[in-house]
Structures are given as C-alpha cells and as structure tokens.
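# A look at the structure
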Amino acid sequence: ADCAGKIHAWRGSAGGGWAVDAAPYEGHVGSVEDVQWSPVEAGVFMSCGVDSSVRVWDVRRKGASAITVDEQHGADVNVVSWSKQVNYLVVSGADDGSFRVWDLRSIRS
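The shown structure was predicted, so the numbers you read here are calculated from the model rather than taken from an experiment. (Residues numbered from 1 in each chain as written. Predicted model: local features only at pLDDT ≥ 70, side-chain atom pairs only at ≥ 80, totals over all residues. Heavy atoms only, no water.)

## A short note on the sheet that holds strand S11 (residues 99–103)
The three strands lie next to each other as S9-S10-S11, forming an open sheet whose pairing is antiparallel. Looking at strand neighbours, the two that pair on one side only are strand S9 (77–82) and S11, the edges of this open sheet. On average, adjacent strands in this sheet sit at an angle of 20° to one another, irrespective of strand direction. Bridge analysis of S9 against strand S10 (residues 89–94) gives five bridges, and the strand direction is antiparallel. (Pairing = 2+ DSSP bridges. Helix = DSSP H or I, 4+ residues; strand = E, 2+ residues; numbered from the N terminus. Axes fitted to C-alpha atoms, helices over the stretch in contact; angles between N-to-C directions.)

Right, here's the structure in full:
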C-alpha cells in the first residue's frame with residue numbers, strides 16, 4: 001500500500017524474490033493505512049485509509065472494491081481487523097480513538 005491510495009500485490013517468486021503486480025488496486029484517496037487478508041476467504045482482503053473509508057477487495061475483481069464504507073468515522077481510519085470468531089464481522093479504528101464493528105452482510109455498495 002502507498003500514500004497515493006494504491007495497493008500493490010506482491011507475490012513470492014522462484015529464487016526467493018518478489019514480483020509486484022503491474023496494476024494496483026485503486027479506490028482510496030490518500031494514504032492507505034492498513035491491509036488485512038481475510039482469515040477464511042482466499043483472495044479477499046480489507047483496507048482502510050486517511051480518506052476515512054474501509055474497503056473490502058476481491059483479487060478476482062481488480063476494477064474496484066467489492067464493498068466500501070465511506071466516512072463513517074469522520075477521521076482517518078488507521079486499523080482494520082477481521083473477527084476470528086465470526087467471518088462476516090470486522091472492526092475499524094480511527095485517529096479520534098473511536099472504533100466501529102461492521103457486519104459485512106448488511107453493507108451495500
């Protein structure tokens with residue numbers, strides 16, 4: 001992830017090196033603060049950023065995030081985490097010290 005709102009996928013390559021996908025995942029405006037892979041869905045990850053959004057991405061769909069929660073914190077979102085107990089619940093934390101718990105089943109993008 002970078003300060004321009006882009007998320008770059010890195011993959012291990014033969015010989016111990018790294019290959020970076022040429023096309024990044026784009027959608028955030030400004031710095032991406034955290035990226036977390038889903039513990040149960042292969043190819044699904046979540047990100048958050050200074051644009052106060054939380055996004056869920058599917059690697060099979062590069063064009064845009066699959067789910068977007070915009071500006072619910074009212075501040076930079078610094079951290080996201082998937083529930084280890086309930087696979088559709090996630091939590092986000094922001095600069096103002098607030099946190100939110102999200103039920104991904106109820107979010108419509």
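Alright, that's what it looks like, and here's the rest.
## What about the environment of Val35?
Of note, Val35 is situated in strand S5 (residues 32–37). Residue classification places Val35 among the partly exposed residues on the basis of a relative accessible area of 29%. (Buried < 20%, exposed > 50% of the residue type's maximum accessible area, 1.4 Å probe, protein only.)

## What to know about the sheet that holds strand S7 (residues 53–58)
Taking strand neighbours across the sheet as the criterion, the four strands line up as S5-S6-S7-S8 in an open arrangement whose pairing is antiparallel. Each edge of the open sheet is held by one strand with a lone partner, namely S5 and strand S8 (67–70). The mean angle between the axes of side-by-side strands here comes to 15°, regardless of whether they run parallel or antiparallel. Direction of pairing for S5 relative to strand S6 (residues 44–49): antiparallel, over a ladder of five bridges. Looking at S6, one finds that Val32 is bridged to Gly49.

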